[in-house]
Amino acid sequence: MSSKTVSAASPAGFVSSRRWLVWSGIIALCAWVLVPIYLVALGALGGRQGVYQWPKTGLPTGISIEPFLLFLRTEGVVQSFLNSLGAAGITVALSIILGAPAGYALARYNFHGKDSYRLLVLLTRAFPLAILALPLTVSFIRLGLYDTITGVGLIHTVLALPFAALVTQGIFLGVPKELEEAAWVFGCTRIQAFFKIVAPLALPGIVATAVFAFVISWNEVFAASVLTVRNRTLTAYLLTVLSESPMHYRFAGGLLLILPSVVFIFAVRRYLFAIWGISSK
Amino acid sequence: MPGPHAILNYTRRLRGPMTNNRTWIPYLLILPSVAFLALLFVVPLVQTIWLAFSDNGLPSLANMRTMAGDLNFLPSVRNTFLLTIAVVPVQVVIALVMGTLVAKVGAGRETILWIWTIPLGISDLAAGMVWLSILQNTGYLNSLLFSLGLIERQTSWLTYQTPVALFIGIAVAEIWRGTAIVMVIIVAGLNQVPKEFKEAAEIFGAGPWTRFFRITLPLIRPALQSALILRTVLAFEVFAVVYALGGRNFPVLVGEAYTWQNQNQNYGVAGAYAVLIMVISLAATVVYLKAIKVDPERLP
């Protein structure tokens, strides 16, 4: 209908109707992503009455923040939220501390075993890594790491570290070697040159990598559920109480899981494609 | 007079700092990550294989036999494969459509891409809960069908009695969540295709479909390959979304490993499932590496 009006109005009718097709496709795909999130938010804010309302209109009627706050006050929710933050914090710290030097080495040096190292890193991708939590249960019990946030952070670092090494390699490749060498010539030590010249230029990319490491840990379900009993992360907590919790609690849990990562993805949106361009090479 | 060390240092600078003979530096830099991956990737990997193929400390196939004899074994293999086969191609097609559409847009491109990448931050557990709000008995799907007059009362889609509907529901939730990562990799690949290639093809009279299949698709092979490997390995790991939507009504491999570990406390059989999942994932990776040949010489 509107395509007709557009093509009548414009002399290049064919081009316009194609534009219309492109935009309706884009809008449909945006709705496909956004509408389900909107609906689960309605469920989280609608409370018990909202769940049994029939038939639903999909309009934001009868919602309030109360049911969501009630969910937050449920025993274990806040604690598991904090545990998730803790595990993600450990993952971010470890994967950057261990991954960034490796990325720097890959970017700046040619050395024997470079290809084997890259192979090791790429090999981790062909494995369902979270599964490795199964045998770790036994060793973690022995080491006192079982049912601790540190233990979960360690296994999540296995997931995030290969990614961090590959991405930081790309980031350091983007910092001109000549700048660093100039600093050496002017009398900086290697370490000074790195922190004064390279680090500030690489920082935004490294922050984006850190955010990804956070999201990887925040969203991981399997390993966290296997390795914890009482100190559960949010995903592990929600998974274990899933079958006995009422519907609106499940929706509230879903919303609580979604919110932080959406904010983080928004924060790094400008780096998303550069990062994946690098890491998929 | 300068000492021998000063002269050595001077010649080092002349040869360029990156090619000097301080060869230990890169090893020092990668050592922590190698040690970490050895301890928490290689060792558990070997342990998993040993767990699966041993019984009371002796090599044995008992765990494998228990796994293969379990009632849920064949359904979980079938379900995992069917889900992967249904989900991965659809994700690649939607991602290609997204990439093609967004390439035709100037203003607003960043916003559109941000919206499409939102599911990248959503866990499979959360995705399951999102689609539960739509597919549950008093949910939005039933409400829509009811107001269209297609159903007369609330219908269950996620039970043991409705395996096909449950399968479709899980597949839709997985497609909804997992397409973003494929899209990001493919758009990153599309960004690297030089404009001149397409323009040249256009001048020589190639239509949009020819251009897509003969120019674009071959050029984004590396991106396509890594997207396929990543997504397929993740698809074989599917678990939480299934659990959130169907509970144990729809057995999948990782779900079985979880049950044997946490409910049955039988680490051996859980390990057997883990080995099976790894073998399948590795096999899929090898197939993709062979099937989609990436010739580094021909890259733009």
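The rules behind these values
Residues numbered from 1 in each chain as written. Chains lettered and ligands numbered in written order. Predicted model: local features only at pLDDT ≥ 70, side-chain atom pairs only at ≥ 80, totals over all residues. Helix = DSSP H or I, 4+ residues; strand = E, 2+ residues; numbered from the N terminus. Buried ≥ 20, exposed ≤ 12 C-beta atoms within 10 Å, placed from the backbone. Rg over C-alpha atoms; globule rule 2.2 N^0.38 Å. Domains from an automatic or database assignment. Contact = placed C-beta atoms within 7 Å. Nonpolar A, V, L, I, M, F, W, Y, C, P; charged D, E, K, R; others polar. pLDDT = per-residue confidence, 0-100. Axes fitted to C-alpha atoms, helices over the stretch in contact; angles between N-to-C directions. Parallel < 35°, antiparallel > 145°, perpendicular 65-115°, else oblique. Left-handed = near helix turned anticlockwise from the far one by under 90°. Core = buried A, V, L, I, M, F, W, Y, C linked by C-beta atoms within 7 Å.

Re the overall build of chain B
Then step 1. When you go through chain B residue by residue, the secondary structure sums to 14 helices and two strands.
Then step 2. Dimensions of chain B, computed from the C-alpha atoms along their principal axes, are close to 95 × 70 × 30 Å.
Then step 3. Considering chain B as a whole, with its 300 residues, one finds that 41% of them fall into the buried category.

Concerning the overall build of chain A
Then step 1. Counting its secondary structure elements, chain A contains 13 helices and zero strands.
Then step 2. Ordered by position from N to C terminus, the α and β elements of chain A give α-α-α-α-α-α-α-α-α-α-α-α-α.
Then step 3. For chain A, whose C-alpha radius of gyration is 24 Å, the value lies well above the compact-globule estimate of 19 Å for 281 residues.
Then step 4. Here chain A, with 281 residues, has 47% of them falling under the buried criterion.

Re the domain arrangement of chain B
Residues and elements named next belong to chain B.
Then step 1. If you check the domain split of chain B, you get domain 1 (4-52) and domain 2 (72-298).
Then step 2. The gap between the C-alpha centroids of domain 1 and domain 2 is 37 Å.
Then step 3. Each side of the interface is counted separately: domain 1 has four residues, and domain 2 has six residues.
Then step 4. Classifying every residue of the side of domain 1 that touches domain 2 gives three nonpolar, one polar and no charged.

Side note on the domain arrangement of chain A
Residues and elements named next belong to chain A.
Then step 1. Segmentation of chain A into domains returns domain 1 (2-64) and domain 2 (72-279).
Then step 2. Distance between the C-alpha centres of domain 1 and domain 2: 34 Å.
Then step 3. Taken together, the 10 residues of domain 1 in the interface contact eight residues of domain 2.
Then step 4. Partitioning the side of domain 1 that touches domain 2 into residue classes produces five nonpolar, four polar and one charged.

Comments concerning the confidence of the model for chain A
Residues and elements named next belong to chain A.
Then step 1. Confidence along chain A averages 87 in pLDDT terms, with 93% of residues attaining 70 or more.
Then step 2. Predicted confidence in chain A is weakest over helix H1 (residues 2-9), with a mean pLDDT of 44, and strongest over helix H4 (residues 77-108), with 95.
Then step 3. Across residues 1-10, confidence stays below pLDDT 50; counting only partners more than four residues off in sequence or on other chains, it has 10 contacts.

Remarks on the interface of chain B and chain A
Then step 1. At the interface, 85 residues of chain B touch 78 residues of chain A.
Then step 2. Looking at the side of chain B that touches chain A, the element that brings in the most residues is helix H2 (residues 24-52) of chain B, giving 17 residues.
Then step 3. Class assignment for the residues of the side of chain B that touches chain A results in 60 nonpolar, 22 polar and three charged.

With respect to the environment of Ile-30 of chain B
Then step 1. By the secondary structure assignment, Ile-30 of chain B is in helix H2.
Then step 2. For Ile-30 of chain B, a count of 24 C-beta atoms within 10 Å corresponds to the buried category.
Then step 3. Contact partners of Ile-30 of chain B, with chain neighbours within four places excluded, come to Ala-102, Ala-105 and Tyr-117 of chain A.

A word on the confidence of the model for chain B
Then step 1. Per-residue pLDDT for chain B averages 86, and the proportion of residues at 70 or more is 91%.
Then step 2. Across the assembled chains, the prediction reports ipTM 0.86 with pTM 0.86.

Topic: unusual backbone geometry
Then step 1. For the bond running from Trp-54 of chain A to Pro-55 of chain A, omega is -15 degrees, close enough to zero to count as cis.
Then step 2. Among the structural elements, Pro-55 of chain A can be located in the loop between helix H2 (13-52) and helix H3 (66-72).
Then step 3. Despite not being glycine, Asp-147 of chain A has its phi angle at roughly 65 degrees, a positive value.
Then step 4. Tracing the backbone shows Asp-147 of chain A in the loop between helix H6 (133-143) and helix H7 (149-173).
Then step 5. Given 16 C-beta atoms within a 10 Å radius, Asp-147 of chain A is considered partly exposed.
Then step 6. In this structure, Gln-265 of chain B takes a positive phi of about 55 degrees despite not being glycine.
Then step 7. In this structure, Gln-265 of chain B sits in the loop between helix H13 (253-262) and helix H14 (267-291).

Points about the packing of helix H11 (residues 221-236) of chain B against H14 of chain B
Residue and element names in this part refer to chain B.
Then step 1. One way to put it is that H11 packs onto H14 with a least axis distance of 10 Å and a crossing angle of 165 degrees. Regarding the angle of H11 to H14, the classification is roughly antiparallel. The two elements H11 and H14 meet at a crossing, and its hand is right-handed. Contact with H11, carried on its side by Gln-225, Leu-228, Ile-229, Thr-232, Val-233 and Phe-236, involves Ile-277, Ile-280, Ser-281, Ala-284, Thr-285 and Tyr-288 of H14 and no other residues of that element.
Then step 2. Among the residues making up the contact of H11 with H14, the classes are represented as eight nonpolar, four polar and no charged.

Quick notes on the nonpolar core
Then step 1. Membership of the largest hydrophobic core comes to 169 residues, with the highest contact counts inside it found for Ala-133 of chain A together with Ile-186 and Tyr-273 of chain B.
Then step 2. Sorting elements by how many residues they give to this core places H7 of chain A first, with 15 residues.
Then step 3. Once residues lying within four places of it in the same chain are set aside, the contact partners of Ala-133 of chain A are Ile-155, Phe-222, Ala-223, Val-226 and Leu-227 of chain A.

Details of the environment of Ile-25 of chain B
Residue and element names in this part refer to chain B.
Then step 1. In this fold, Ile-25 is placed in helix H2.
Then step 2. Owing to 15 C-beta atoms within 10 Å, Ile-25 belongs among the partly exposed residues under this scheme.
Then step 3. Along the primary structure Ile-25 and Ile-277 are separated by 252 residues, whereas in three dimensions their C-alpha atoms are 38 Å apart.

Things to note about helix H7 (residues 140-147) of chain B
Then step 1. Among all positions of H7 of chain B, only Tyr-140, Leu-141 and Asn-142 of chain B are buried.
Then step 2. After H7 of chain B finishes, the residue Gly-149 of chain B shows a positive phi value of roughly 80 degrees.

Topic: the packing of H4 of chain A against helix H9 (residues 190-219) of chain A
All names here are of chain A.
Then step 1. Axis separation between H4 and H9 bottoms out at 8 Å; the angle between their running directions is 135 degrees. In terms of orientation, H4 lies oblique with respect to H9. The element H4 and its partner H9 pack so that their crossing is right-handed. When H4 is examined against H9, the residues Ser-84, Ala-87, Ala-88, Thr-91, Val-92, Ser-95, Ile-96 and Ala-100 are found in contact with a partner set consisting of Ile-206, Thr-209, Ala-210, Ala-213, Phe-214, Ile-216, Ser-217 and Trp-218.

What about H6 of chain A?
Then step 1. Buried within H6 of chain A we find Ala-133, Leu-134, Pro-135, Leu-136, Thr-137 and Phe-140 of chain A.
Then step 2. Where H6 of chain A is buried, its residues meet H7 and helix H10 (222-227) of chain A together with H2, H13 and H14 of chain B.
Then step 3. Gly-144 of chain A lies just past H6 of chain A and shows a positive phi near 75 degrees.

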